[in-house]
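Spelled out, the chains give:
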Amino acid sequence: MSIPNHILEQLNSQADLISIIGRHTTLKRAGSEYKGCCPFHGEKSPSFYVNPQKNIYHCFGCSVGGNAISFLRDYENLTFIEAVNELSKQTGIEVPKEEQQNVSYQRAPIKPKSKPETKPKTAIEPATSAAATHPQSTNNQPVADTQPSINVPAADTQPPAYNDNYDNYPPLEAYDSVPYAMDDYDTSYQGDANYQDNSSYPPAWLTGEADTTTLYDDNSVSDKDGNLYELLEQIQQFYQHNLTIHPHAKHYFLSRGITEDIFETFGLGYAPFGWQHLEHQFPQDIEGLKALGLVRKSESGRDYDLLRDRVIFPIRDNQGRTIGFGGRALDDEVKPKYINSSDSPVFHKQHVLYGYYESRQQRANDWLVVEGYMDVIALYQAGIYGAVASMGTAINESQISRLLTLNPTLTLSFDGDSAGQKAAWRTLEVALPVLGDDKELRFLTLPNNHDPDTFIKSQGADAMREQIATAMPLSQYIFAYLSERYDLTLAEGKAKLMSQVRALTTALPKGSSFRYLLNNDIYQKLGGKRSQNKDAKDALLDFDGDMTISQQLQLCFLFQPRALSDDPIEAIWQQAGINDLQLPAHIKQKASADILRPLEWEDLQDNALLDIVSTIKRCLNYLPKDANAAAHFILSNVKPSTQETLSRDWGSFYKALTTRNILSLDGLVEELVSQLIERHMKKKIQDLVKNPDNIKLAIVRKQSQLLNDWLRAQQAEQSAQMATVKS
């Protein structure tokens, strides 16, 4: 068995080399590099560097160097095949059990042809029927593209050199002076010997060297096998040239605001009309075109081109080589709107991110996952580098891990519709296993159903940067997403949400502190921490630290009037057991009816609070659903003095709570009401001590004791629940 070189290259380029080496030595970021003490020899000053773009390492002290496979072999003492299998598990790249796939293919012989004789036409030949020439369609489209061969110069297929310069360590050119050749591997696992051979390219049609009048021998064949990478490069140039000679295709990009310099940067192109235009342009390379999935066979047995009348987005690997194409229909009514070329020996959708190579060339630091090719291009053109998109499949764990290696904060930008948010949630679930405590995932949903492309056109690049900078943290996104799916006015809804959060956090890495903190944070948002609601109290203190308990409670009722649906004083009185107060018979006989009745809002002797409570109870069934609108409705119905006081603080209070994503104040309302009742009871006891009434004093002290017992029980229950959350 032999392993093709292109598989080895993919394994080495996709491996998380930082994590592999980081198991054995501490690596710290140094510009676009990582440095640390060499694991191969003892040293006190770091001279060991890892280049994440080339995915190689080198020690400038002992001169050891290599890639992911060589590190696993030389340091972890794995055999070559064990190292390959280990990287296969890590990256998801399948190693073929037999040498079925490689990057070479047999080029076809060129059929002999004679110069056509010039003779006058005496009659119009009958047209071939559409059914005979069209592999699938039932209309009268032509069977093949009649576009003539084109002559453009061959492009340099080598990716730009990596040329960072840092003052504090050796120049990166030193990496290139150290050979990490493939022949370091066992010879029994060598790939295709012709992999790097490009002597048969570029084709004559591209360089202008073809002599269409040349006669070929019957048995003429190409001197060398074809190479898929080289064929893809020539196809990309063919598509790119077609964009310049088809105005309607070029107009599509221009109408989307794409400038011509971006055409070149991303190699944008156009696949013309016609069902066999690739076969006509590359007659010797039919086998290669089929291996790439760009030419397919219809049910009737006719070959046809996959991409037709579509603008083309070349897809590049980490080294900048073209490995596939995405095509978008010019007519929005054509379905599917986007088509990607098939998986092939050189292209595996689940391992490629569109825009990754271009962003690395710009030394991108902040990374953003978006949904579409045009989003990537629009962000790049606006100078916002680091945007990438998956190939129509969900981004996977290894890709997220790779991006989090480049920057510990990764932002996900998905559409606000149902499909976009489902995609964001799936990505969240995929990311959790690699989300260590030093990593952060953020979520960006642009306003007014914008995507990055349309938002930049509408609001500009600076506004887009501001949106990215204020993207929602993972903890807030989880709560916001789940709170829309469960009824949080019910205990059952809260329990279901908390259960799902606990299930999610089990996917976090072992020993994660974030697991406990996330459970605790959402538990508090659900009002679980009844003795305090820290977030809401902090929000109050943000704008007025001298506010009284009564004023805080009034604002809470304005923000959440439904808290008065079940009277909080009555609820506490019942839960504490005060309404079922057990008294000795002689005290009960002498007690007045007034002292035994439940506490009411009037007893607190707070006119403003009573005004708010009575107004809300009177208007509760008529309030708008929007919290801000409901508050203004209530304020318009209270006394002028109450309105003046609350209006001064309402705007700041509302903003403080909404920016913190606080949706429920149940815990804070209960705490504030309990404090008011407790203060009322203490004051009543003090008054009875000054003006002795032994019967009333005994009853009030008993009521106060029951209230304190209930508050302590609430705290104990909270502690037990928090212990469950922590476990």
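Residues numbered from 1 in each chain as written. Predicted model: local features only at pLDDT ≥ 70, side-chain atom pairs only at ≥ 80, totals over all residues. Heavy atoms only, no water.

**With respect to the pairing of strand 2 (residues 33–36)**
To be explicit about the condition: For two strands to be treated as a pair, DSSP must find at least two bridges joining them. Helix numbering and strand numbering both begin at the N terminus, where a helix is a DSSP run of H or I of at least 4 residues and a strand a DSSP run of E of at least 2.
As paired elements, strand 1 (residues 28–30) and strand 2 share three bridges and run antiparallel to each other. Among the inter-strand pairings, lysine 28 is bridged to a residue of strand 2, identified as lysine 35. In this structure, strand 2 lies alongside strand 3 (residues 48–51), joined through three bridges in antiparallel fashion. Bridge pairing in strand 3 places tyrosine 34 opposite valine 50.

**Section: the side chain of arginine 442**
Worth spelling out the cut-off: Nitrogen and oxygen atoms within 3.5 Å of one another constitute a polar contact, given that in protein one can donate a hydrogen and the other can accept it, and given that sequence-neighbouring residues count only through two side-chain atoms. The contact criterion used is simple: two residues touch if any of their non-hydrogen atoms lie within 4.5 Å.
Tracing the backbone through its elements, the reader meets arginine 442 in strand 17 (residues 440–444). Of the polar contacts made by the side chain of arginine 442, one reaches the backbone oxygen of alanine 471; its length is 2.5 Å. Excluding residues within four positions of it along the chain, arginine 442 makes contact with Thr409, Leu410, Thr411, Leu412, Ala469, Thr470, Ala471, Met472 and Pro473.

**Let's talk about helix 20 (residues 491–505)**
Counting along an α-helix, one turn takes 3.6 residues, and residues three or four places apart therefore face a common direction. Quick note on the threshold: In this analysis, the expected span of each helix is defined as 1.5 Å times one less than the number of residues it contains. Whether a residue is buried, partly exposed or exposed follows from its accessible area with a 1.4 Å probe, protein chains only, as a fraction of its type maximum: under 20%, in between, or over 50%, in that order. This arc is taken over the directions from the axis of the helix to the C-beta atoms.
Counted at 1.5 Å a residue, the expected span for helix 20 with its 15 residues is 21 Å, and the 21 Å between its end C-alpha atoms agrees. The complete set of buried residues in helix 20 reads Gly493, Leu497, Met498, Val501, Leu504 and Thr505. Seen along its axis, helix 20 keeps its buried residues to an arc of 130 degrees; they face one direction. Along helix 20, exposed side chains directed more than 90 degrees from the buried face belong to Ala491, Glu492 and Lys496. Tucked into the core, helix 20 has its buried residues touching helix 16 (418–431), helix 19 (474–483) and helix 21 (513–525).

**Focus on the environment of tryptophan 425**
Position of tryptophan 425 among the secondary structure elements: in helix 16. Expressed as a C-alpha distance, the spacing of tryptophan 425 and phenylalanine 443, which sit 18 residues apart in the sequence, is 9.9 Å. Those residues within four positions of tryptophan 425 in sequence are excluded, and the remaining contacts are Tyr477, Ile478, Tyr481, Leu482, Gln500 and Leu504.

**Digging into empty space enclosed by the protein**
Rules: The distinction between a cavity and a pocket rests on a 1 Å grid over the protein atoms alone: a 1.4 Å probe fits inside a cavity but cannot get out, while a pocket stays open yet meets protein on both sides within 12 Å along at least five of seven lines, and a residue with an atom within 4 Å of a point counts as lining. Grid points are joined across faces, edges and corners, and a volume is the space filled by probe spheres set on the points. In this count, Pro and Cys sit with the nonpolar residues alongside Ala, Val, Leu, Ile, Met, Phe, Trp and Tyr, while Asp, Glu, Lys and Arg are called charged and the others, Gly among them, polar.
Within this structure, the stated rule accounts for two cavities of 30 Å³ or more. Taken as a whole, the largest cavity encloses approximately 310 Å³ of empty space. What lines the largest cavity is a set of 24 residues, among which Ser13, Gln14, Asn318, His351 and Val352 lie closest to the centre. Looking at the lining of the largest cavity, the elements that each hand over two or more residues are helix 1 (5–14) and helix 15 (397–406). Partitioning the lining of the largest cavity into residue classes produces nine nonpolar, ten polar and five charged.

**Details of the nonpolar core**
As a reminder of what qualifies: As used here, the term nonpolar core means buried Ala, Val, Leu, Ile, Met, Phe, Trp, Tyr and Cys residues forming a set that is joined through side-chain atoms within 4.5 Å.
One finds Ile235, Phe253, Leu268 and Tyr354 to be the most contacted residues of the largest nonpolar core, which totals 59 residues. Every residue in contact with leucine 268, bar those within four places of it in the chain, is listed here: Gln240, Leu243, Phe253, Ile258, Ile262, Phe263, Ile312, Phe313, Pro314, Tyr354 and Ile377. With 54 residues, the next largest nonpolar core counts Val613, Leu623, Phe653 and Leu657 among its residues.

**Comments concerning the pairing of strand 4 (residues 56–59)**
The alternating pattern of strand 4 places Ile56 and His58 on one face and Tyr57 and Cys59 on the opposite face, and all of these are buried. For strand 3 and strand 4, the ladder comprises four bridges, and the chain directions are antiparallel. Paired with tyrosine 49 across the two strands is histidine 58, which belongs to strand 4. Hairpin remark: strand 3 followed by strand 4, antiparallel, with four residues in the connecting loop; positive phi at asparagine 55, about 55 degrees. In this structure, the hairpin formed by strand 4 and strand 5 (residues 65–66) is closed by a connection of five residues, where serine 63 is found at a positive phi of approximately 70 degrees.

**A short note on helix 15**
A large share of helix 15 lies buried, amounting to eight of its ten residues. All buried positions along helix 15 are accounted for by Gln399, Ile400, Ser401, Arg402, Leu403, Leu404, Thr405 and Leu406.

**Quick word on the environment of glutamine 319**
Structurally, glutamine 319 can be placed in the loop between strand 11 (310–316) and strand 12 (322–329). Spatially, the C-alpha atoms of glutamine 319 and tyrosine 357 are 7.0 Å apart, while their sequence positions differ by 38 residues.

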